[in-house]
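One letter stands for each residue in the lines below.
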Amino acid sequence: MKTLTAILIDDEISNLKGLAQKLGKLFSGIEITATFQKPEDAVKALKNKQPDLVFLDIEMPRINGFELLAKLKEIQFQVIFVTAYSEYAIEAFKQNAIDYVLKPIDDEDLIIAVNKAITVIQTKNDLENNSKLVNLLTNTISNNNKIIVPTAKGLSFIPEEEVMHLEGFSGYTKIHLIDKTVMTSSYNLGKFEKLLNPKFFKCHKSHIVNLEKVRHFENEGYLVLETEERVPISKANKKAFLELFQ
């Protein structure tokens, strides 16, 4: 994994030095790019360039840690709050912190918090890189009549003729194949809708069918596929579907 950048914010210089020393000892893959005692200076820096990770003291003069985050229009970094008061924990998580550590900082607690942040950052980077790769591949192999399916293990390249229909659920997509196996992708149905060619028809808010696999239209609101699966078709899409065959 690439080196991660971090900024430390604490009004006490001794706390900054102590945390920097611990991070240097425990995490060779983290580069501390800046430390700030004044929260106002930290806000200015974070508005210009954001690191991967911010260690943020909560109790600071003039601007506390929560108020500091509220001054930023966009937060792309992971936050680990550093506090001497455990009662701040609930509020910290309301602010979408990845974790918090109590002062004086225990090495084991710090390791757990940082590893949690690293996992989130890595997952985010993987998803972004995966998305870029899918878009690139879509442009380069679209003529090969294959659907690119991002999965938990990587990417699968599925011939269009093997796909019966796609089903959206909870932000994910199930790809139903002609052999009745089902693949699950981290992409939502809307993403696939943009990538698929016109032979695929969105018949329902949660379903896209391969038109070449449709064998029957049922008036009560279903399309029957080659595999005898019945896929719902919404009233709003019935007319558009029937017009395809006129």
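Residues numbered from 1 in each chain as written. Predicted model: local features only at pLDDT ≥ 70, side-chain atom pairs only at ≥ 80, totals over all residues. Heavy atoms only, no water.

1. Some points on the sheet that holds strand β13 (residues 214–218)
Consideration 1: Read from one edge of the open sheet, three strands run β13-β14-β15, paired in antiparallel fashion. Each edge of the open sheet carries a strand with a single partner, namely β13 and β15 (230–232). Averaged over all neighbouring strand pairs, the angle between strand axes comes to 30°, with direction disregarded. (Pairing = 2+ DSSP bridges. Helix = DSSP H or I, 4+ residues; strand = E, 2+ residues; numbered from the N terminus. Axes fitted to C-alpha atoms, helices over the stretch in contact; angles between N-to-C directions.)

2. A few points about the nonpolar core
For soluble globular proteins, the rule of thumb is that nonpolar side chains tend to be buried together.
Consideration 1: One finds Leu19, Leu23, Phe55, Ile80 and Val114 to be the most contacted residues of the largest nonpolar core, which totals 20 residues.
Consideration 2: Among the elements of the structure, β1 (4–9), α1 (13–26), β3 (53–57), β4 (78–83) and α5 (107–141) are those that each provide at least two residues to this core.
Consideration 3: The biggest single contributor to this core is α5, with six residues.
Consideration 4: Beyond its immediate sequence surroundings of up to four residues, Val114 is in contact with Leu23, Phe27, Ile30, Phe55 and Ile80.
Consideration 5: By size, the runner-up hydrophobic cluster in this structure holds 18 residues, among which are Leu56, Leu68, Leu72 and Val79. (Core = buried A, V, L, I, M, F, W, Y, C linked by side-chain atoms within 4.5 Å. Buried < 20%, exposed > 50% of the residue type's maximum accessible area, 1.4 Å probe, protein only. Contact = heavy atoms within 4.5 Å.)

3. Description of the packing of aromatic side chains
Consideration 1: All chains considered together, the criterion is met by six aromatic pairs.
Consideration 2: Among the aromatic residues, ring-to-ring pairing joins Phe201, Phe217, Phe241 and Phe245 into one connected group.
Consideration 3: Directly above the aromatic system of Phe169 lies the positively charged group of Lys174, at a separation of 4.8 Å from the ring centroid.
Consideration 4: Residue placement shows Arg230 over the ring face of Tyr222; its charged tip is 4.1 Å from the ring centre. (Phe/Tyr/Trp six-rings, centres within 6.5 Å; stacked < 30°, edge-to-face > 60°. Lys NZ or Arg CZ within 6 Å of the ring centre and 35° of its normal.)

4. Some points on the confidence of the model for the protein
Consideration 1: Overall, the prediction assigns the protein a mean pLDDT of 84, with 84% of residues at 70 or greater.
Consideration 2: Taken together, the stretch residues 139–143 has pLDDT below 50 and engages in three contacts with residues farther than four places along the chain or on a different chain. (pLDDT = per-residue confidence, 0-100.)

5. Some words on unusual backbone geometry
Consideration 1: Geometrically, the link from Lys103 to Pro104 is a cis peptide bond, its omega value of -10° lying close to zero.
Consideration 2: On the secondary structure map, Pro104 appears in the loop between β5 (99–102) and α5.
Consideration 3: Positive phi outside glycine occurs at Ser170, with the angle close to 50°.
Consideration 4: Checked against the element boundaries, Ser170 lands in the loop between β8 (163–169) and β9 (172–177).
Consideration 5: Phi at Lys180 is positive, roughly 75°, even though this residue is not glycine.
Consideration 6: As for its placement among the helices and strands, Lys180 is situated in the loop between β9 and β10 (182–185).
Consideration 7: Judged by relative accessible area, Lys180 falls into the exposed class, the value being 61%.

6. Side note on the pattern of salt bridges
Consideration 1: Considering all chains together, one arrives at 11 salt bridges under this definition.
Consideration 2: Among the ionic pairs, Lys202 bridges to Glu193, the shortest N-O distance being 3.3 Å.
Consideration 3: A salt bridge links Arg215 to Glu226, with the shortest nitrogen-to-oxygen separation between them at 2.2 Å. Placement of the pair is Arg215 in strand β13 and Glu226 in the loop between β14 (222–225) and β15, with a sequence separation of 11 residues. (Salt bridge = Lys/Arg side-chain N within 4 Å of Asp/Glu carboxyl O.)

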